[in-house]
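Letter by letter, the chains look like this.
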Amino acid sequence: MRLLQAEELFRKVLDGGSKAKAARLLGLDVGSKYVGLAVSDEKNRIALPLSVLSRTKTNINLMADDFKTLASKYSLAGFVVGYPFNLHGQHSPDAVQVRLLAGELCKTGKLDDLCYTYWDENFTSKCVEALLHPLNLKNRDEAKTMTDKFAAVCILQLQ
């Protein structure tokens, strides 16, 4: 897995879209316990919620396997990883866990043929929570996974 500037990854996707099968992107909303996932459509115009993966210190190889499966299933060119900048455009304290996850995924060697970039995720979860609030979801776990999936949609949709 190789880190690219956002423009490089998006150019790769555009160039890959001229092949028989379109290159898509996977959006990741990285949290301390969960990673929300969203996938772009084949024309990279619309982001769709996909799922949520549990995140622990011991399941990084399983996560890499899941990402490899998704890469194959959806013809992924790479990942757009939500990155928490502060309001001044500098790294926030939460950015450490995002970089840690990316580094751990790279170390597995299972995703070497994919690229990733970081994208500002400011307020994505808060916006989704505000949108979901009227649904009055009673189940806390359901509300959390819904928030994580749709935050990943926001990250991918805003790029």
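Remember, it's a predicted structure, so these values are computed and weren't measured experimentally.

A. Fine view of the overall build of the protein chain. Helix and strand counts for the protein chain come out as 5 helices and 6 strands. Order of helices (α) and strands (β) in the protein chain, N terminus to C terminus: β-α-β-β-β-α-β-α-β-α-α. Here the C-alpha radius of gyration of the protein chain, 15 Å, is about what a compact globule of 159 residues would show, namely 15 Å. The buried share of the protein chain, taken over its 159 residues, is 43%. The positive charge centre, built from 21 side chains, and the negative charge centre, built from 18, are 2 Å apart in the protein chain.

B. Spotlight on the environment of Ala-6. Position of Ala-6 relative to the elements: it lies in helix α1 (residues 6–16). With 112 residues separating them along the chain, Ala-6 and Tyr-118 place their C-alpha atoms 7.0 Å apart. Beyond its immediate chain neighbours, meaning those up to four positions away, Ala-6 contacts Thr-117 and Trp-119.

C. Spatial organisation of the UniProt feature "domain: YqgF/RNase H-like" (unreviewed entry) in the protein chain. UniProt annotation of "domain: YqgF/RNase H-like" (unreviewed entry) refers to residues 23–128 when read in the numbering used here. Along residues 23–128 the backbone is 32% helical and 34% strand, and the end-to-end C-alpha distance reaches 27 Å.

D. Looking closely at the sheet that holds strand β1 (residues 2–3). Taken in spatial order, the 6 strands make up an open sheet running β1-β6-β5-β2-β3-β4, and their pairing is mixed. A strand with exactly one partner marks an edge of an open sheet, and here the two such strands are β1 and β4 (47–54). As defined by bridge partners, strand β5 (residues 76–83) adjoins strand β6 (residues 115–120) across 6 bridges and the pair is classed as parallel. Note that in β6 the partner of Val-81 across the bridge is Tyr-118. Each of β2 (24–30), β3 (34–40), β4 and β5 is contacted by helix α2 (residues 60–74), which is oriented at about 160° to β4, the strand it contacts most.

E. Unusual backbone geometry, seen in detail. Non-glycine residue Asn-44 carries a positive phi angle of around 55°. The topology assignment puts Asn-44 in the loop between β3 and β4. Look at Asn-44 and you get partly exposed, because its relative accessible area is 24%. In this structure, Ser-75 is a non-glycine residue whose phi angle is positive, near 55°. Along the chain, the position of Ser-75 falls in the loop between α2 and β5.

F. Representation of α2 in the model. In a regular helix each residue adds 1.5 Å, so 15 residues correspond to 21 Å; α2 covers 21 Å between its end C-alpha atoms and thus fits that length. Taken as a whole, α2 has its buried residues at Ile-60, Met-63, Ala-64, Phe-67, Leu-70, Ala-71 and Tyr-74. Each buried residue of α2 sits inside an arc of 120° when the element is viewed along its axis, so together they form one side. Of the exposed residues in α2, those oriented more than 90 degrees away from the buried face are Leu-62, Thr-69, Ser-72 and Lys-73. The inward-facing, buried residues of α2 contact β2, β3, β4, β5 and α3 (95–108). After α2 finishes, the residue Ser-75 shows a positive phi value of roughly 55°.

G. Molecular detail of the packing of aromatic side chains. Per the counting criterion, the structure on display carries 4 aromatic pairs. The interplanar angle of 65° and the centroid separation of 5.6 Å between the aromatic rings of Phe-10 and Trp-119 together place this pair among those described as edge-to-face. Residue Phe-10 is found in helix α1, and its partner Trp-119 is found in strand β6; the two are separated by 109 residues along the sequence. Phe-10 gets classed as buried once you look at its relative accessible area, which sits at 18%. Put simply, the rings of Tyr-83, Tyr-116 and Tyr-118 pair up and form one aromatic cluster.

The rules we used
- Residues numbered from 1 in each chain as written.
- Predicted model: local features only at pLDDT ≥ 70, side-chain atom pairs only at ≥ 80, totals over all residues.
- Heavy atoms only, no water.
- Helix = DSSP H or I, 4+ residues; strand = E, 2+ residues; numbered from the N terminus.
- Rg over C-alpha atoms; globule rule 2.2 N^0.38 Å.
- Buried < 20%, exposed > 50% of the residue type's maximum accessible area, 1.4 Å probe, protein only.
- Lys, Arg positive; Asp, Glu negative; His and termini not counted.
- Charge placed at Lys NZ, Arg CZ, Asp CG, Glu CD.
- Contact = heavy atoms within 4.5 Å.
- UniProt positions renumbered as here; feature names shortened; annotations may be inferred.
- Pairing = 2+ DSSP bridges.
- Axes fitted to C-alpha atoms, helices over the stretch in contact; angles between N-to-C directions.
- Expected span 1.5 Å × (residues − 1).
- Arc of directions from axis to C-beta.
- Phe/Tyr/Trp six-rings, centres within 6.5 Å; stacked < 30°, edge-to-face > 60°.

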